[in-house]
Amino acid sequence: MSSPDPQVRAARNLTDPSPESTPEEKRPRSPGNRGPVVAVTGAATGIGELLTAHLAASDAIKQVIAIDERRGEVSEATWHILDVRDPAIAEKLRGADVVVHLALDLDLETDPAARTAYNVRGTQTVLTAAAAVGVHRVVLCTSAMVYGALADNDVPLSEDAELRATAEATGVGDLLEIERLGRRAPRAHPGLNVTVVRPTVLVGGTDTALTRYFESPRLLVVAGSRPTWQFCHVEDLVTALEYAALEKIDGEFAVGCDGWLEQEEVEELSGVRRMELPSTVALGAAARLHRIGLTPSPAGDLAYTMHPWVVSVGRLHDAGWRPKWTNEEVLGALLEEVEGRHTLAGRRLGRKDATAAGAAGATVALLGAAAVVRRARKARRRI
């Protein structure tokens, strides 16, 4: 899923060629090919780019229509350059059988209001445009985070479990609204089907509060909590999205590795030691630091490292899909990916800051920063 900054999007619209002036390239197909025409939004970066390349190389796909605010590298696709919130997208979707909507901004550093405006309006526009031109299926990609991380969750959760998440974690409010739009669309537009794909902790070129958790010198564990970890490598997400695009599976389903890891297994495999704190201390400090703008992650993100939210992937299994990656393998890939990065409470640190945080432990530094802020505020009030 792409994470375009609003200002960058505006700049791209001024410098990129218009859809009409952009050459469209189509990969030659054999006359006998009867596969679907699949449109992918957010096709130039991230998961969208990987899926576009994967589908373009598949003999099961007749044609790939790629939509983004800049042209990507997959020359076999037919490219259209525009913002997914532009109603003109309807004409670009004409002739598509399936749309996989991946143009989402889930960047930790994006202004929350701008992020929500982009994600919700973009999804609304894509669903309406798809229905208007006769597309019969839209595939939305959200996250298993919509189930919510709660102490009383079943392990694993059923894919039919109630969505109990709140909007307190980064982007989760947007994802819940996207799912609501997806449920409403078939009622508003008879003949349109909506498939929802919910990946677990996504790894592979991604940057989220959950991947940054493993960039800390110590793994924060809240006393009395029950963390469990279920990962999803981007390669497995791409093949699951392909299943949805080929209509081998529909409805709402989760995608991830089979099973899960307990916190103790994660610590043993990673070699990173824990730092355990009472929940009031950890949550209070995280909330204060986010409120004053020192960290991008709200306190709600911490719940997903405290409580279980692993989920069954039975529907994909029933459809014949199997993950290529195990949880242990994805964790190893994540640790390699974040090696050399240093994060404190979700904020990336420079080398000097990282040295200090590493010596004291991430959580100690977090609490120290909160204490400094409190002292500074008290001093200002005395003046």
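Everything below is about the structure shown above.
The residue numbering used here restarts from 1 in each chain and proceeds along that chain's sequence as written. A pLDDT threshold of at least 70 governs which residues receive local features in this predicted model, and a stricter bar of 80 or more applies before side-chain atom pairs are shown or counted, although totals over entire chains, interfaces and linings include all residues. Water and hydrogen atoms play no part in the side-chain values, which are based on all heavy atoms of the structure.

## With respect to the overall build of the chain
Helix and strand definitions here come from DSSP, where helices need a minimum of 4 consecutive H or I residues and strands a minimum of 2 consecutive E residues; each element is numbered from the N-terminal end. A count of helices and strands for the chain gives 13 helices and 15 strands. Relative to its full complement of 383 residues, the chain shows a buried share of 51%. Sequence separation of at least 24 residues holds for 80% of the intrachain contacts in the chain that already meet a minimum separation of 6. All accessible areas in this document rest on Shrake-Rupley with a 1.4 Å probe, and a residue is counted as covered only by the protein chains that are shown. A total accessible area of about 16600 Å² is found for the chain, and carbon and sulfur atoms account for 51% of it. Buried, partly exposed and exposed residues are distinguished by accessible area as a fraction of the type maximum, computed with a 1.4 Å probe on protein chains only: under 20%, between the cut-offs, and over 50%, respectively. Between two residues, a contact is recorded if the distance between any of their heavy atoms is within 4.5 Å.

## With respect to the packing of aromatic side chains
Any pair of Phe, Tyr and Trp rings, taking the six-membered ring for Trp, is counted once the centres come within 6.5 Å. Such a pair is stacked with planes under 30 degrees apart, edge-to-face with planes over 60 apart, and tilted for the rest. Scanning the entire structure with this criterion turns up 6 aromatic pairs. Clustering of aromatic rings is evident, with ring pairs tying together Y213, F214, W229 and F231. Comment: the charge-over-ring label is applied if NZ (Lys) or CZ (Arg) is within 6 Å of the ring centre and within 35 degrees of the ring normal. One cation-aromatic arrangement involves K248 over Y243; the distance from NZ or CZ to the ring centre is 4.6 Å.

## A few points about the sheet that holds strand β4 (residues 98–101)
For sheets, the rule is that strands pair by backbone hydrogen bonds, running either parallel or antiparallel. Read across the sheet, 7 strands follow the order β3-β2-β1-β4-β5-β6-β11 without closing on themselves; strand pairing throughout is parallel. Single-partner strands in this sheet number two, and they are β3 (78–81) and β11 (252–255). Averaged over all neighbouring strand pairs, the angle between strand axes comes to 20 degrees, with direction disregarded. Strands were regarded as paired on the criterion that DSSP finds at least two bridges between them. Pairing geometry for strand β2 (residues 63–68) and β3, over 4 bridges, is parallel. Residue pairing for β3: D68 is matched across the bridge by I81. Packed on one face of the sheet, helix α2 (residues 46–56) meets β1 (37–41), β2 and β4 and runs near 165 degrees to β1. Each axis is a line fitted through C-alpha atoms, taken for helices only over the stretch in contact, and angles between the N-to-C directions span 0 to 180 degrees.

## Structural notes on unusual backbone geometry
Going from V155 to P156, the amide bond is cis rather than trans, its omega being 0 degrees. Mapped onto the elements of the fold, P156 is located in the loop between β5 (137–141) and α5 (172–188). Phi angles above zero are rare outside glycine, and E247 is one such case at about 60 degrees. Within the element layout of this structure, E247 appears in the loop between α7 (234–245) and β11. The partly exposed category is assigned to E247, whose relative accessible area is 35%.

## Points about helix α8 (residues 263–270)
Every buried residue belonging to α8 is among Q263, V266, E267 and S270, and all of these are buried. Around the axis of α8, the buried residues are gathered within 95 degrees of arc, so they sit on the same side. Where the residues of α8 are buried, they touch β8 (219–222), β9 (228–229), β12 (261–262), β13 (274–277) and α11 (327–338). Looking one or two residues past α8, G271 carries a phi angle of roughly 75 degrees, positive in sign. By arc we mean the arc of the directions from the helix axis to the C-beta atoms, nothing more.

## A short note on the nonpolar core
Only buried residues count toward a nonpolar core. Its members are Ala, Val, Leu, Ile, Met, Phe, Trp, Tyr and Cys residues joined through side-chain atoms within 4.5 Å. The biggest cluster of nonpolar side chains holds 36 residues, and the ones touching the most others in it are V100, L237 and L241. When contributions to this core are tallied by element, the ones reaching two or more residues are β1, α2, β2, β3, β4, β5, α7 and β11. Looking at this core, the element that brings in the most residues is α7, giving 8 residues. Non-local contacts of L237, meaning those with residues more than four positions away in its chain, are made with I47, C141, V197, P199, L202, C232 and V255. If you look at the next biggest cluster of nonpolar residues, it comprises 31 residues, including A39, I67, L181 and L192.

## Focus on the pattern of salt bridges
A carboxyl oxygen of Asp or Glu within 4 Å of a side-chain nitrogen of Lys or Arg is what we treat as a salt bridge. Applying the stated criterion across every chain yields a total of 13 salt bridges. Across the pair R85 and D83 runs a salt bridge whose closest N-O atoms are separated by 2.8 Å. Its relative accessible area of 13% is what places D83 among the buried residues. Across the salt bridge formed by R274 and E267, the nearest N and O atoms sit 3.0 Å from each other. Each of E264, E267, R274 and E276 takes part in one network of salt bridges that share partners.

## Here's the deal with a negative patch on the surface
Put simply, a patch holds well-exposed residues, over 30% relative accessible area, that have no salt bridge, with like charges counted together within 9 Å and Val, Leu, Ile, Met, Phe, Trp or Tyr side chains within 5 Å. None of His or the chain ends enter the tally, which takes Lys and Arg as positive and Asp and Glu as negative. Throughout, a charge is located at the NZ atom of Lys, the CZ atom of Arg, the CG atom of Asp or the CD atom of Glu. On the surface, E262, E265, E268, E328 and E329 cluster together into a negatively charged patch. Elements with a minimum of two residues in the negative patch: α8 and α11. On the secondary structure map, E268 appears in helix α8. Judged by its relative accessible area of 68%, E268 falls in the exposed class.

## Overview of α7
Take the number of residues in a helix, subtract one, and multiply by 1.5 Å to get its expected span. Between the first and last C-alpha of α7 there are 16 Å, a value that for 12 residues agrees with the 16 Å anticipated at 1.5 Å per step. The element α7 is extensively covered by neighbouring structure, given that 11 of its 12 residues are classed as buried. Three or more residues of α7 are buried, namely V234, D236, L237, V238, T239, A240, L241, E242, Y243, A244 and A245. Where α7 terminates, the next one or two residues include E247, which has phi positive at roughly 60 degrees.

## Things to note about the environment of R226
Here R226 shows up in the loop between β8 and β9. Each C-alpha atom of the pair R226 and L150 lies 9.5 Å from the other, and the pair is 76 residues apart in sequence. Setting aside anything within four residues of it in sequence, one finds R226 in contact with N153, V155, M306, H307 and P308.

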